[in-house]
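Observations on chain architecture
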Amino acid sequence: MAQNRSHAVMSQRIEPHDSLDFFPTPLWATRSLCEWLLANGHALALLSCWEPACGQGHMARPLAEYFKSVHASDVHNYGFGSIEDFLFPAPHTADWIITNPPFRLGEQFATTAIDRARSGVALIVRTAFLESVGRYQSLFADTPPSDILQFTERVPMFKGRVDPAGATATAYCWLVWRKGAAPHGTRFHWLPPSRKRLERSGDYDPV
Ligand SMILES: C[S@@+](CC[C@H](N)C(=O)[O-])C[C@H]1O[C@@H](n2cnc3c(N)ncnc32)[C@H](O)[C@@H]1O
């Protein structure tokens, strides 16, 4: 029987319930967010950032190229950053909280980050994260993002590794909550192609 290779099927990340969901983010995708924030008036070089699900630092490292300081933490010890469960009370905060959350905890990460960050929150998520009645009721209805940044290029993400040659059928976007900037409702933007410009030698070196 022919396999069902439809987009809907290929977009699913099927992970065991207790999985840490470690899918590192290609570094250029984080630079793409930072370039957008800079172009939209955020003086990142003066601000602090917290990457609260840092894994092996694939997102914290490019964030450090733009922000004044970056605090990196994760519930699991990957040898990078401090060990903290983001969903437990924390003694510190930051101007921005930016991460690629574990998929099954996406809503909890969003609400916790929005509560804690001083200036803003950005989460990279599958574009399909925008769907679902439950997520609308528990998150988007009362706390809509100020901006949705849809990648026009695919952002290949794989379990446990970044792969410069990898392909994916899954679409990703950044959800951004700029505090105090949503009275107009959510604004949608396309991120123009940027991978070629924002990839650096060393991005795919073993950690
Ligand atoms: C999709 S990966 C993203 C890794 C990294 N942010 C990146 O973009 O390369 C999700 C990460 O969330 C971490 N994680 C899962 N549950 C967590 C929790 N409750 N608190 C903090 N980190 C958590 C996992 O260990 C994993 O590193």
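You'll find the structure just up there.
Computed from a predicted model, the values in this text were never measured in an experiment.

Observations concerning the site of the ligand
Taken together, 25 residues sit near the ligand, with T25, E51, A53, D74 and Y78 positioned nearest. Within the side chain of T25, a nitrogen or oxygen atom sits 2.5 Å from an oxygen atom of the ligand. Between the ligand and the protein, one listed contact pairs an oxygen atom with a side-chain N or O atom of Y78 at 2.7 Å. Coverage of the ligand by the protein chains reaches 98% of its 600 Å² of free accessible surface. Counted by class, the shell around the ligand contains 15 nonpolar, 5 polar and 5 charged residues.

Side note on helix α5 (residues 133–140)
Inspection of α5 places R135, L139 and F140 among the buried residues, and these make up the whole buried set. An end-on view of α5 places all buried positions within 65 degrees of arc, on one side of the element. Residues V133 and Q137 are exposed on α5 and point more than 90 degrees away from its buried face. Here the buried face of α5 lies against α4 (106–116) and β7 (172–178).

Rules of the game
Residues numbered from 1 in each chain as written. Predicted model: local features only at pLDDT ≥ 70, side-chain atom pairs only at ≥ 80, totals over all residues. Heavy atoms only, no water. Near = heavy atom within 4 Å. Polar contact = N/O pair within 3.5 Å; in protein donor to acceptor, adjacent residues only side chain to side chain. Areas by Shrake-Rupley, 256 points an atom, 1.4 Å probe, with all protein chains shown as cover. Nonpolar A, V, L, I, M, F, W, Y, C, P; charged D, E, K, R; others polar. Buried < 20%, exposed > 50% of the residue type's maximum accessible area, 1.4 Å probe, protein only. Helix = DSSP H or I, 4+ residues; strand = E, 2+ residues; numbered from the N terminus. Arc of directions from axis to C-beta. Contact = heavy atoms within 4.5 Å.

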